[in-house]
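One-letter residues, chain by chain:
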Amino acid sequence: MLRLVLGALRARTAQAWTVFALAVLLVTAAAAGPWYAAAAERRAVAADVAVAPATQRMLSVRRQSDTDGDATVALTTFRAGVERLLTVRDAAPVLGIAVSMSYGSGGASVVAAYRDGACEHMRVEGSCPQAAGETVVSGATAAAYNLRIGDTVLLSTQPGAPQERLRVVGRYELADPAGLYWANPLFRRDRSVAADPFFVAADTFASSRFADPTFDYTTTVPAQALAGGDLDERLRRAEYTLRSGGYYLVAPTQDLLARIAADRAAIRRGVLTGVLQAVILCWFALGLAGRHTAGDRRGDVALLKLRGSTRRRTLRLAAGQHLVPLLAAAPAGLGLGLLLGHVLAGAPPSAETGSVLRASGVAAGLALLGGAAAVLSAELPVLRAPVAALLREVPGRRRGWRRGAADAVLVVLAAVGAFQLGRNGFAAAVPVLVAVLLAVPLARLLGAVADRAGAGALRGGRLRLGLTAVQVSRRPGADRVFALVAVAVAGLTAATAAQVFGDTARADRSGQELGADRVLTVQAANPTLLLRAVREADPTGRYAMAAVVDDTSRPRILAVDASRLAAVARWRTAYGPLPALAAPPAGSPVAVTAGPLVLRARNTGERPAALAVHLQDTATGALGTVTFEAVPAGEHEVTAAVEGCAGGCRVTRLDLVRAAAGDALTVEALRQADRAVFDSAALGDPRLWRAAAKGPAMSVVARQGTLTLAQAPAPYRGDSSAYPIAAGLPLPVVVAGEAPEAWRLGDPAVDVFGSGAVPVRVAGTTGVLPAVGTAGILLDLDAAQRLGTGGTGGRTEVWLTAGAPASVVAALTTAGLVVLADDTVTARADRLAGQGPAVAARLQLVTAALGLLAAATALAVAVAVERRRRLTELRALRRQGLPAGIAVTAGRAGYAAVLVLGAATGLLAAVAARLATGPPRRPFVDDWQVMPAPSALPPPALAAAAAVALCVLGLSWWLTALPLTRHLNAPDTAQGPSR
């Protein structure tokens, strides 16, 4: 029997190689799925962890406890207790102590803190605290409270309590504020405190004045724990265990775990959809190939039956001719599948390699069993047919009630499947099911139309059309080839459109979130320094723009150097027309320099008044304060010394210090040497002065050449500042989304950079803005910093064009900016491409390509098997005078028509499926819908898919039909048929 099988395979090597090729495609698709899914999940988890905020990877264990006079021993005991109970942790914890304190006469809330290795993550001017009673303060805190190295600060647990004296030994700036070390909010400033933490040495907490400090143990979640599926349960058990020991666990990992779970679900769902589509297409192609090759062996089966062979022996011989290439394809397909999965997604976790290999082997085996069943089922009609039917050369009628019933059942199942899968997250399978829904009835219609068209054309003498139509109508299997081509093209078109849709959506999201082609997150002390550094680095304004994004305000605020917005930003049509935001200066105040500053004022109250003049260096943005203490009742001229201001300072505000109800001070002049900082014209101009626009505020009255500041009585006492207007008000802004609720009750105002509430006017509205999304405000950074008091209030950035030279970045660092992060639209889009939906879409495109190859192979089988019979018929017609050109066209055009019509049906099915299911879901694991969705049916994607499908299928058809052309054009038309 084996010799007979091998002999039969040698006699029909083309058919054997075809079954082998289809089986290789089948096993490749099936084996690649488990490997790809496991490797892609590992990469997706790594990508999620890499882009997640540092806080989402942090674990913090806290406990309030006394130090008992020895902070070092208390920390060691605390660490031992935590590590005895906490099993989910890495090997590099950071210990710390923090306590809330009151600072200054006003009782401002601050935090005194110690943390292991804090100075290693700071840039310190001066020295680090080494002993009890020493502290370092941030540059912003030093500027706000006018602290210098060597000064003394007094802290207490509450106003009126005994105070702890600390000496300032340095000023610090965080070296990596976005890094993991500073992710713990316990050691960062929040809205509940007035200043950044005061960092001290651990021994400082030995003092009894630091009552009930909070001990903190900070660690990170290990990567292997994140990759596992039970982290949430492990953290719940750890929290329960720690609580029972008196500890409190802070584990803000919920968002990260939810994103990882969503990625895994998307990958598994997408891989299952893509692999099943490819496998089913390969099964169908194998069944079609088996049907055609079985038809080609009708004479062999008839001969076996005439010689008395049993049905079982005949079945074994027929099955062997298929099983041998199927079994030979198993190792090749398995190896190619694993290689394909590795090329596309890398290797799975080493601990899972064995299980993944077993899963790939099982999937390949099941797919191969299904393929064997498909190809053998095609043999049964031939084996059951009588000898007379087997010897008949003319095909019989194809239609019957069984075939019609099967088609009806298939159409119903496809319709139900498309409806259900579209609702349950398997929308990628809908185009293929819609293709089945369209192709099955159209295939039957194709046969009927070809019958009538062929008969009519032949009667009318149109031989090319008539003979072509007859081939389509009389050849068994043409309708199946039509359906297979339609389904394969629909799958490829849908996968290509989904890939292009995803690429466009990721690019849109990346561009919106960044705002420019390249964005540097920098550390700048204030907006003034940021603006100066960027303008010095790029004096032409072609490549760089300063920007500040305040994510903490509601709505969010984006402040940009409006003069450079058009040249640098990626301004999209969705943002609306490019706005005009620049606000001209409101006046030209004289700059204050080092030296005596003279105030002439009239105190109308009964007790001495004090006036603080707040200054900001116009070059560095550094803040300073000059206080005129104890201005007696009546009119007086007092002097105070200005320090610093080498490059000139501007006045940011005037404050009545320690003003009680009814206190009032009229400023008549503020000068320096023979220059007036504010003359009578400026002081008396109400257009150049403002009080706070929100909440209770001091009365600010500018008239008759003087400026009167009067504190209101209780309960109307509030902000005691007068702000000189350095830019035209109201400030023009663009609002995305709905205006803030507070604007409906009063005049619009925005608080930026410590400016208080600045009046604004809405210069434009839009649905979305760069960086701040669908609820935000866009304004001019230059005008805002002239109105502000020197704070940043947000994330400082430098936006760059794609062609910005490296010298610009180098100049930024030379100007004093510290680059904390460097991101581009391309890099961010690549990171988004590592999420589950994008990973699944890539495999679906690959499996759709495998399905197209399977359809091309099945088409080649159909053309090759029909070629011998068709050649015999056309040679007979040639002998009767049929021209060679007409014979060639009739011989080749039949399946060409099936190919073109099937491809068109597949393209139509993909479009119809998208129109029926509505807009696709964005290719992100979160519910991001800020930018308008790109086209779900991009014409370039449709054109590319159609072109690729026609090229692959057309090449398969052309190469297979080429021998027919050669033989029909041969001078001797009596040559034997070509196999």
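Residues numbered from 1 in each chain as written. Predicted model: local features only at pLDDT ≥ 70, side-chain atom pairs only at ≥ 80, totals over all residues. Heavy atoms only, no water.

This next bit is on the packing of helix 16 (residues 478-514) against helix 22 (residues 825-832). Direction vectors running N to C along helix 16 and helix 22 enclose 125°, while the axes themselves pass 8 Å from each other. Compared by their axis directions, helix 16 and helix 22 come out oblique. Seen from above, helix 16 lies across helix 22 with right-handed handedness. Two secondary-structure elements touch here, helix 16 through Arg-506, Ala-507, Arg-509, Ser-510, Gly-511, Glu-513 and Leu-514 and helix 22 through Val-825, Arg-828, Ala-829 and Leu-832. A per-class count over the contact of helix 16 with helix 22 returns five nonpolar, two polar and four charged. (Axes fitted to C-alpha atoms, helices over the stretch in contact; angles between N-to-C directions. Helix = DSSP H or I, 4+ residues; strand = E, 2+ residues; numbered from the N terminus. Parallel < 35°, antiparallel > 145°, perpendicular 65-115°, else oblique. Left-handed = near helix turned anticlockwise from the far one by under 90°. Contact = heavy atoms within 4.5 Å. Nonpolar A, V, L, I, M, F, W, Y, C, P; charged D, E, K, R; others polar.)

What follows is about the environment of Ala-175. Take Ala-175: it is sitting in the loop between strand 7 (163-174) and strand 8 (198-200). Each C-alpha atom, one on Ala-175 and one on His-121, is 5.3 Å from the other, the two residues being 54 residues apart in sequence. Not counting the four nearest positions on each side in its chain, Ala-175 is found in contact with His-121, Met-122, Arg-123 and Leu-820.

There is a patch of like negative charges on the surface, built from Asp-66, Asp-68, Asp-70, Asp-203 and Asp-212. Checked against the element boundaries, Asp-66 lands in the loop between strand 1 (58-64) and helix 3 (71-85). Owing to a relative accessible area of 39%, Asp-66 belongs among the partly exposed residues under this scheme. (Patch = residues over 30% accessible without salt bridge, like charges linked within 9 Å, V, L, I, M, F, W, Y side chains within 5 Å. Areas by Shrake-Rupley, 256 points an atom, 1.4 Å probe, with all protein chains shown as cover. Salt bridge = Lys/Arg side-chain N within 4 Å of Asp/Glu carboxyl O. Lys, Arg positive; Asp, Glu negative; His and termini not counted. Charge placed at Lys NZ, Arg CZ, Asp CG, Glu CD. Buried < 20%, exposed > 50% of the residue type's maximum accessible area, 1.4 Å probe, protein only.)

Further remarks concern the sheet that holds strand 21 (residues 689-690). Reading across the sheet, the five strands line up as 16-15-18-24-21 and stay open at both edges, with antiparallel pairing between neighbours. Pairing within the sheet leaves two strands with one partner each, and these edge strands are strand 16 (623-631) and strand 21. (Pairing = 2+ DSSP bridges.)

Below, the discussion takes up the nonpolar core. Counting 81 residues, the largest nonpolar core has Leu-326, Val-481, Leu-859, Tyr-895, Leu-953 and Trp-957 as its most contacted members. With near-sequence residues (within four places) excluded, Leu-859 lies in contact with Val-481, Tyr-895, Leu-899, Leu-953 and Trp-957. The next biggest cluster of nonpolar side chains, apart from the first, holds 48 residues, and it includes Tyr-114, Leu-155, Phe-210 and Leu-256. (Core = buried A, V, L, I, M, F, W, Y, C linked by side-chain atoms within 4.5 Å.)

Turning our attention to the packing of helix 17 (residues 527-537) against helix 21 (residues 806-814). For the pair helix 17 and helix 21, the least separation of the axes is 8 Å and the interaxial angle reads 140°. The handedness of the crossing between helix 17 and helix 21 is right-handed. Each of Ala-533, Val-534 and Ala-537 in helix 17 lies in contact with helix 21, whose residues at this interface are Val-808, Ala-811 and Leu-812. Among the residues forming the contact of helix 17 with helix 21, the class breakdown is six nonpolar, no polar and no charged.

Another aspect to go through is the state of the cysteines. Considering all chains together, one arrives at two disulfides under this definition. The partner cysteine of Cys-119 in its disulfide is Cys-128, sulfur to sulfur 2.1 Å. The sign of the S-S torsion, about -135°, decides the handedness of the disulfide formed by Cys-119 and Cys-128: left-handed. Accessibility expressed as a relative area gives 25% for Cys-119, which makes it partly exposed. For the protein, the disulfide bridges join cysteines in the arrangement 1-2, 3-4, where the cysteines are counted in sequence order. (Disulfide = S-S within 2.5 Å.)

For the coordinates displayed, the defined rule picks out three cavities of 30 Å³ or more. By volume, the second largest cavity is sized at about 70 Å³. What lines the second largest cavity is a set of 13 residues, among which Gln-277, Leu-281, Gly-491, Thr-847 and Ala-848 lie closest to the centre. Put simply, the parts of the chain that give the lining of the second largest cavity at least two residues each are helix 7 (254-296), helix 16 and helix 23 (836-879). Of the residues that constitute the lining of the second largest cavity, the class distribution is seven nonpolar, six polar and no charged. (1 Å grid on protein atoms, 1.4 Å probe; cavity = no way out; pocket = protein on both sides within 12 Å on 5 of 7 lines; lining within 4 Å. Points joined across faces, edges and corners; volume = space filled by probe spheres on them.)

Strands sit in the order 26-27-25-28-13-12-29-11-30 across an open sheet of nine strands; the sheet is mixed. Each having just a single partner strand, strand 26 (749-751) and strand 30 (818-824) make up the two edges of the open sheet. The mean inter-strand angle of the sheet, taken between neighbouring strand axes irrespective of direction, is 35°. Examined bridge by bridge, strand 11 (residues 518-523) and strand 30 share six bridges and lie antiparallel to one another. Along strand 30, the bridge assignment pairs Val-519 with Asp-823.

Glancing now at the environment of Asp-823. For Asp-823, the position within the fold is in strand 30. For Asp-823, a relative accessible area of 12% gives the class buried. Put simply, Asp-823 and Leu-520 are 303 residues apart on the chain and 6.4 Å apart in space, counted from C-alpha to C-alpha. Setting aside its immediate chain neighbours within four residues, Asp-823 contacts Leu-514, Asp-517, Arg-518, Val-519, Arg-828 and Arg-831. Side chain to side chain, Asp-823 and Arg-828 meet in a polar contact 3.1 Å long. (Polar contact = N/O pair within 3.5 Å; in protein donor to acceptor, adjacent residues only side chain to side chain.)

Moving on, we come to the pattern of salt bridges. Within this structure, the stated rule accounts for 35 salt bridges. Glu-134 is the partner of Arg-167 in a salt bridge, and the nearest nitrogen-oxygen pair spans 3.5 Å. Taken together, the residues span a long stretch of sequence, with Arg-167 in strand 7 and Glu-134 in strand 5 (residues 134-138) at a distance of 33 residues. On the accessibility criterion, Arg-167 (41% relative accessible area) is partly exposed. A salt bridge links Asp-551 to Arg-556; the shortest N-O distance between them is 2.5 Å.

For the rest of this paragraph, the subject is helix 21. Among all positions of helix 21, only Val-808, Val-809 and Leu-812 are buried. Projected down its long axis, helix 21 shows its buried positions confined to an angular sector of 100°, all on one face. Exposed side of helix 21, more than 90 degrees from the buried face: Ala-806 and Thr-814 are the residues found there. Against strand 11, helix 17, strand 12 (544-550) and strand 29 (795-800) lie the buried residues of helix 21. Trailing helix 21 by a residue or two, Gly-816 shows a phi angle of about 110°, which is positive. (Arc of directions from axis to C-beta.)

It is worth spelling out the side chain of Asp-196 at this point. Structurally, the position occupied by Asp-196 is in the loop between strand 7 and strand 8. A distance of 2.6 Å separates the side chain of Asp-196 from the side chain of Ser-138, its partner in a polar contact. If we skip the residues at most four places from it in the chain, Asp-196 touches Ser-138, Ala-140, Thr-141, Tyr-172 and Arg-189.

Take the side chain of Asp-48 next. Topologically, Asp-48 is positioned in helix 2 (residues 13-51). Arg-259 provides the closest opposite charge to the buried, salt-bridge-free Asp-48, at an N-O distance of 4.1 Å. The contacts of Asp-48, once residues within four sequence positions are left out, are Leu-256, Arg-259, Ile-260, Asp-263 and Gln-835.

You will see that Asp-68, though not glycine, has its phi angle at about 55°, which is positive. With respect to the element layout, Asp-68 can be found in the loop between strand 1 and helix 3. With a relative accessible area of 75%, Asp-68 lands in the exposed category. Even without a glycine there, the phi angle at Gln-704 is positive, about 50°. Position of Gln-704 relative to the elements: it lies in the loop between strand 22 (699-703) and strand 23 (706-710). For Gln-704, a relative accessible area of 78% corresponds to the exposed category.

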